Amino acid sequence: MSLPENTTVLIVGAGPAGLTTALSLTHHKCHDFVIVDAVVEGRNSSRAIAIYSATVEALASINAADGILSQAIKGESLRITSRSSQIFEAKFDSLKNLSAHPHPLYIPQNVTELALVQKLQSLGVQVQRPHRVAGMKQNDKDSHITDVSFEDGQVIKARYIIGADGARSIIRSNAGIGFSDPNPVNVTLDRMIFADVTFEPEPVGPLTLEGHLNGTVFSGNFFLLVPFGNRFNAELTQDGKPITKSVFRVGCAIPSTNGEPPHAPPKEYIQDMIDAYGPACITSDPSLNPTPVKVDQLLWSTRFKTHSAIADRTFTRLGAAVFLIGDAAHTHSPAGGQGMNLAMRDAVFLADAVTKHIQASAENPDVDDTILQEFADARHARALEIIGFSKRLLKIASFTYDPYAWWMPCSAASIRDLILRILGRFDFVQSKVAWGLSGLGRR
């Protein structure tokens, strides 16, 4: 498909960040933009699943939340458990007086992206696919324009370029922007795996619309369980094979002592991790679960590194104003589920800043970049805050149950669990945890 030769704004990447940027630009009545993506449709997978209050509010502010709200599952609380008993529960009802959308939404990323694409299409905008950026250079005739070339030989001249093209961002690389961990530390839980599965027989027990974080008896770890029910069976179907049972998202941190997990962990590997670290109600071990269950269908699986990185800067000039958002600007541990949320909020606020700069430039062609730099500085600071938050969660989860010494039979993990059990009795503590996850205090 032919691309236009000129555009005011070029968005590279049509994941949640890029799509939200396009919706926000449209909301702010900026229609001279092009959004491209390197892959054809239909390759998206489940991936991120949680959308928190601050993100729903941001989407609602640009009239882009309805499609997601109509499909998502509302989470009532987050449980932290051992393998067999509850340690702590944070209830999101406590946010009702602080947000019109107090509950986290559970929805697979491919369903989120589909809802955003459908909203864009209803506004007359199409994602141009597949178009992969090959290079960028300042235009010879206009110092405020960049020529963006694509692998198929096409070139777009743009005044604003938004790199929403993921952790291996071509835009970031071409702009010469570094990408590194702002505070590198060694972690014992340096890998995580995630999978969408069904079980046979279907598990019974206290399964609600909640996430369950679980430690183990012998080592520090955590395990995530989110029941989807049958809500997304059609969207999660792979290879045309129908899904007739309830679907569950499982996630597990993999200690470095376990070695490198497979790129796409097979069913047997997922089963082993569930039996080693999962809640008793979904294990196949009869000594833990009176009604043993096994993974039946493996619908999708992946692995993630828990390391963090942030771009040296999220705004620069290469003729055009060049921005980075989402994973192109910052990556961090999946602990806390903040990545996609931060990316979508970045997008909403960026479009507002870009629109204001376009309007100011129309009135004064020599306007400086103060509006854009203030946005970039604020979002860079917010990303550093989120990276620190996710690292703290991972650190707490990695506490081990090994006793300090023979004469002190307690451990860091047992002390953590005791503190959480005690603090969890107080409503204000539950509210503080819900507030921290919601993003309302760090929009």
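Starting from 1, residues in each chain are numbered consecutively following that chain's sequence as written. Given that this is a predicted model, residues contribute local features only at a pLDDT of at least 70 and side-chain atom pairs are listed and counted only at 80 or more, while totals for whole chains, interfaces and linings are drawn from all residues. Each side-chain value is derived from all of the structure's non-hydrogen atoms; neither hydrogens nor water enter the calculation.

## Examining the overall build of the protein
Then comes step 1: Looking only at helices and strands, the protein features 11 helices and 20 strands.
Then comes step 2: Atoms counted for the radius of gyration: C-alpha only. Globule rule: 2.2 Å times the number of residues to the power 0.38. Against the compact-globule benchmark of 22 Å for 443 residues, the protein has a radius of gyration of 23 Å, which places it among compact chains.
Then comes step 3: Dimensions of the protein along its principal axes, counting C-alpha atoms only, are 75 × 50 × 45 Å.
Then comes step 4: Exposure classes here rest on a 1.4 Å probe applied to the protein chains alone. A residue is buried below 20% of its type maximum, exposed above 50%, and partly exposed in between. Across the 443 residues that make up the protein, the buried fraction comes to 53%.
Then comes step 5: Contacts are residue-level and defined by heavy atoms, with any inter-residue pair within 4.5 Å sufficient. Relative to all contacts within the protein whose residues are 6 or more apart in sequence, the contacts with residues 24 or more apart total 73%.
Then comes step 6: Taken as a whole, the protein presents about 19500 Å² of accessible surface, with 54% of it coming from carbon and sulfur.
Then comes step 7: Counted as positive: Lys and Arg. Counted as negative: Asp and Glu, with His and the chain ends omitted from the count. Every charge is mapped onto a representative atom, which is NZ of Lys, CZ of Arg, CG of Asp or CD of Glu. Counting 41 positive and 44 negative side-chain charges, the protein places the centres of these two groups 3 Å from one another. To qualify as a helix, a DSSP run of H or I must reach at least 4 residues; to qualify as a strand, a run of E must reach at least 2; elements of each kind are numbered from the N terminus. In short, Shrake-Rupley with a 1.4 Å probe defines the accessible areas, and a residue's cover is counted only from the protein chains shown.

## Notes on the UniProt feature "domain: FAD-binding" (unreviewed entry) in the protein
Then comes step 1: UniProt positions are given in the numbering used here, feature names are shortened, and annotations may be inferred rather than shown by experiment. Per the UniProt entry, the sites bearing "domain: FAD-binding" (unreviewed entry) are residues 7-185 and 297-383 in this numbering.
Then comes step 2: Secondary structure within residues 297-383 divides into 45% helix and 26% strand; the distance between the first and last C-alpha atoms comes to 36 Å.

## Some details on the packing of helix H1 (residues 16-27) against helix H8 (residues 339-363)
Then comes step 1: The interhelical angle for the contact between H1 and H8, taken along N-to-C directions, is 30°, at an axis separation of 8 Å. Crossing of H1 over H8 shows right-handed handedness. In this structure, H1 uses Pro16, Ala17, Thr20, Thr21, Ser24 and Leu25 to contact H8, whose residues at the interface are Met340, Ala343, Met344, Ala347, Val348, Ala351, Asp352, Val354 and Thr355. Throughout, an axis means a line fitted to C-alpha atoms (over the contacting stretch in the case of helices), and angles, computed between N-to-C directions, take values from 0 to 180 degrees. Handedness of a crossing follows from how the near helix is turned relative to the far one, being left-handed for an anticlockwise turn of less than a right angle and right-handed for a clockwise one.

## So, the sheet that holds strand E17 (residues 309-311)
Then comes step 1: Strands qualify as paired when DSSP identifies two bridges or more between them. Spatial ordering of the open sheet is given by E11-E17-E20, a layout of 3 strands whose pairing is antiparallel. Either end of the sheet is taken by a strand with one partner, and the two such strands are strand E11 (179-180) and strand E20 (330-331).
Then comes step 2: Bridging between E11 and E17 involves 2 bridges; their strand directions are antiparallel. Within E17, the residue paired with serine 180 across the bridge is isoleucine 310.
Then comes step 3: The strands that helix H9 (residues 370-397) touches are E17 and E20; relative to E17, the one it contacts most, it runs at about 175°.

## Things to note about the sheet that holds strand E7 (residues 105-106)
Then comes step 1: Read from one edge to the other, the open sheet built from 3 strands follows the order E3-E7-E4, with strand pairing classed as antiparallel. In this open sheet, the two edge strands, each paired with only one partner strand, are strand E3 (50-51) and strand E4 (73-74).
Then comes step 2: In the sheet, E3 pairs with E7 via 2 bridges, with the strands oriented antiparallel. Looking across to E7, one finds that alanine 50 is bridged to tyrosine 106.

## Some details on the pattern of salt bridges
Where charged atoms from two side chains of opposite charge come close, those side chains can pair.
Then comes step 1: One side-chain nitrogen of Lys or Arg within 4 Å of one carboxyl oxygen of Asp or Glu is enough to make a salt bridge. One pass over the structure, following the stated rule, counts 20 salt bridges.
Then comes step 2: Between lysine 137 and aspartate 140 there is a salt bridge, with its nearest N and O atoms 3.9 Å apart.
Then comes step 3: The partner of arginine 416 in a salt bridge is aspartate 417, and the shortest N-O contact between them spans 3.0 Å.
Then comes step 4: What makes aspartate 417 buried here is its relative accessible area of 8%.
Then comes step 5: Overlapping salt bridges, with partners in common, bring together Lys137, Asp140 and Asp147 in one network.

## What to know about the domain arrangement of the protein
Then comes step 1: What counts as a domain boundary in this text is fixed by an automatic or database domain assignment. Along its sequence, the protein is carved into domain 1 (6-72 + 107-184 + 308-394) and domain 2 (191-305).
Then comes step 2: Relative placement of domain 1 and domain 2: their C-alpha centres are 32 Å apart.
Then comes step 3: Taken together, the 13 residues of domain 1 in the interface contact 14 residues of domain 2.
Then comes step 4: Once two parts are put together, the accessible area they lose, assessed with a 1.4 Å probe and summed over both, is termed the buried area. In total, about 1100 Å² of surface goes out of reach between domain 1 and domain 2, with carbon and sulfur atoms giving 70% of it.
Then comes step 5: Counting of polar contacts relies on pairs of N or O atoms within 3.5 Å, with two restrictions inside protein: one atom must be capable of donating a hydrogen and the other of accepting it, and residues adjacent in sequence are counted only when both atoms are side-chain atoms. Our count for the domain 1 to domain 2 interface comes out at 4 residue pairs in polar contact (both at pLDDT 80 or more).
Then comes step 6: Each residue receives one of three labels: charged for Asp, Glu, Lys and Arg, nonpolar for Ala, Val, Leu, Ile, Met, Phe, Trp, Tyr, Cys and Pro, and polar for the others, Gly being one of them. A class-by-class count of the residues in the side of domain 1 that touches domain 2 yields 8 nonpolar, 4 polar and 1 charged.

## Some details on unusual backbone geometry
Then comes step 1: The omega torsion across arginine 129 and proline 130 is -25°, close enough to zero to call that bond cis.
Then comes step 2: With respect to the secondary-structure elements, proline 130 resides in the loop between helix H4 (109-122) and strand E8 (133-138).
Then comes step 3: Going from glutamate 200 to proline 201, the amide bond is cis rather than trans, its omega being -10°.
Then comes step 4: Within the secondary structure, proline 201 sits in the loop between strand E12 (191-200) and strand E13 (210-214).
Then comes step 5: One non-glycine residue with positive phi stands out, namely lysine 29, at about 65°.

## What to know about H1
Then comes step 1: Spanning 12 residues, H1 covers 16 Å between terminal C-alpha atoms, matching the ideal 16 Å at 1.5 Å per step.
Then comes step 2: Looking at H1, one finds that the buried residues are Pro16, Ala17, Gly18, Leu19, Thr20, Thr21, Ala22, Leu23, Ser24, Leu25 and Thr26.
Then comes step 3: The secondary structure elements touched by the buried residues of H1 are strand E1 (6-12), strand E2 (33-36), helix H2 (53-61), H4, strand E10 (155-163) and H8.
Then comes step 4: Where H1 ends, the next residue or the one after it, lysine 29, has phi of about 65°, a positive value. An expected span of 1.5 Å times one less than the residue number is assigned to each helix.

## Remarks on the nonpolar core
Then comes step 1: Residues enter a nonpolar core if they are buried and are Ala, Val, Leu, Ile, Met, Phe, Trp, Tyr or Cys, with the set joined through side-chain atoms within 4.5 Å. Formed by 78 residues in total, the largest nonpolar core has its most connected members in Val9, Ile68, Phe228 and Phe323.
Then comes step 2: Ranked by the residues each element gives to this core, the list is headed by H8, at 9 residues.
Then comes step 3: Summarising the domain contributions, this core has at least three residues from each of domain 1 (6-72 + 107-184 + 308-394) and domain 2 (191-305).
Then comes step 4: Within the second largest apolar cluster, 21 residues are counted, among which are Leu3, Val12, Val34 and Ala311.

## Thoughts on H2
Then comes step 1: Counting buried positions over the 9 residues of H2 gives 7, a clear majority of the element.
Then comes step 2: For H2, the set of buried residues is Ser53, Ala54, Thr55, Val56, Glu57, Ala58 and Leu59.
Then comes step 3: Downstream of H2 by one or two residues, asparagine 63 has phi in the positive range, about 60°.

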